[in-house]
Amino acid sequence: MTHTQLTQLVQALLDAPTSNETVKEFAQSWINAEGTPKQEELTKQLVSVAEQNIALIDETIGFAGSELATQILGEEGAANLLQHAKDIKAEGAEFCDCPGCVAAKNIIDLKAEIV
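Because the structure is a prediction, the values reported are computed rather than measured.

### A short note on the overall build of the chain
So, step 1. Counting its regular elements, the chain contains 7 helices and 0 strands.
So, step 2. Secondary structure elements of the chain occur, N-terminal to C-terminal, as α-α-α-α-α-α-α.
So, step 3. The C-alpha extent of the chain, read off along each of the three principal axes, is 45 × 25 × 20 Å.
So, step 4. When the 115 residues of the chain are sorted by exposure, 35% land in the buried category.
So, step 5. Expressed as a percentage of contacts within the chain between residues at least 6 apart in sequence, the contacts between residues at least 24 apart total 61%.
So, step 6. Summed over all atoms, the accessible surface of the chain reaches about 6800 Å², with 53% contributed by carbon and sulfur.
So, step 7. Between the mean site of the 7 positive side-chain charges and the mean site of the 18 negative ones, the chain shows a separation of 6 Å.

Below is the structure:
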């Protein structure tokens, strides 16, 4: 993996509307540290951050069926998310497929190359 490819993955974490604030702050710190020893240190933490913040599909189903999801997404949005999550689980999905989780999964999948 090239540095440019890694930068694109980190940018995807930052850009994903579904990435949480901790992930966004980490990604921004990584980008801001471009070309410095600090970026090398942050790169060593990148996979761990991704692993801690990716949602398992069962977690997504639990969230989508919650009152909190209804408050955030509205009744229809929560119902749609719940159905989608159940559908992709039935197809074998292990993780949520929102942009933030997809970006995290892409980083996790390249663990051997990053560390």
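### Focus on a nonpolar patch on the surface
So, step 1. Together, Leu68, Ile72 and Leu73 line one region of the surface with nonpolar side chains, adding up to about 280 Å² of accessible area.
So, step 2. Along the chain, Leu68 turns up in helix α5 (residues 67-90).

### Brief notes about the pattern of salt bridges
So, step 1. What the rule picks out here adds up to 4 salt bridges.
So, step 2. Glu51 serves as the salt-bridge partner of Lys111, at 3.5 Å between the closest nitrogen and oxygen. Here Lys111, found in helix α7 (residues 111-114), pairs with Glu51, found in helix α3 (residues 37-53); they are 60 residues apart in sequence, far enough to count as distant.
So, step 3. Judged by its relative accessible area of 38%, Glu51 falls in the partly exposed class.
So, step 4. The partner of Asp109 in a salt bridge is Lys105, with the nearest N and O atoms 2.5 Å apart.

### Comments concerning the nonpolar core
So, step 1. Ranked by size, the top nonpolar core spans 26 residues in total, and within it Leu13, Leu46, Ile54, Cys101, Ile107 and Ile114 carry the most contacts.
So, step 2. With residues near it in sequence (within four places) discarded, Ile54 still touches Glu59, Phe95, Cys101, Ala104, Lys105 and Ile108.

### What about helix α6 (residues 99-109)?
So, step 1. The complete set of buried residues in α6 reads Gly100, Cys101, Ala103, Ala104, Ile107 and Ile108. Down the axis of α6, the sector holding all buried residues measures 160 degrees, keeping them to one side.
So, step 2. Buried-residue contacts for α6 involve α1 (3-15), α3 and α7.

### Topic: the side chain of Ser19
So, step 1. Inspection of the secondary structure assignment puts Ser19 in the loop between α1 and α2 (21-32).
So, step 2. The residues contacting Ser19, other than those within four sequence positions of it, are Leu13, Lys24 and Gly100.

Conventions we followed
Residues numbered from 1 in each chain as written. Predicted model: local features only at pLDDT ≥ 70, side-chain atom pairs only at ≥ 80, totals over all residues. Heavy atoms only, no water. Helix = DSSP H or I, 4+ residues; strand = E, 2+ residues; numbered from the N terminus. Buried < 20%, exposed > 50% of the residue type's maximum accessible area, 1.4 Å probe, protein only. Contact = heavy atoms within 4.5 Å. Areas by Shrake-Rupley, 256 points an atom, 1.4 Å probe, with all protein chains shown as cover. Lys, Arg positive; Asp, Glu negative; His and termini not counted. Charge placed at Lys NZ, Arg CZ, Asp CG, Glu CD. Patch = residues over 30% accessible without salt bridge, like charges linked within 9 Å, V, L, I, M, F, W, Y side chains within 5 Å. Salt bridge = Lys/Arg side-chain N within 4 Å of Asp/Glu carboxyl O. Core = buried A, V, L, I, M, F, W, Y, C linked by side-chain atoms within 4.5 Å. Arc of directions from axis to C-beta.

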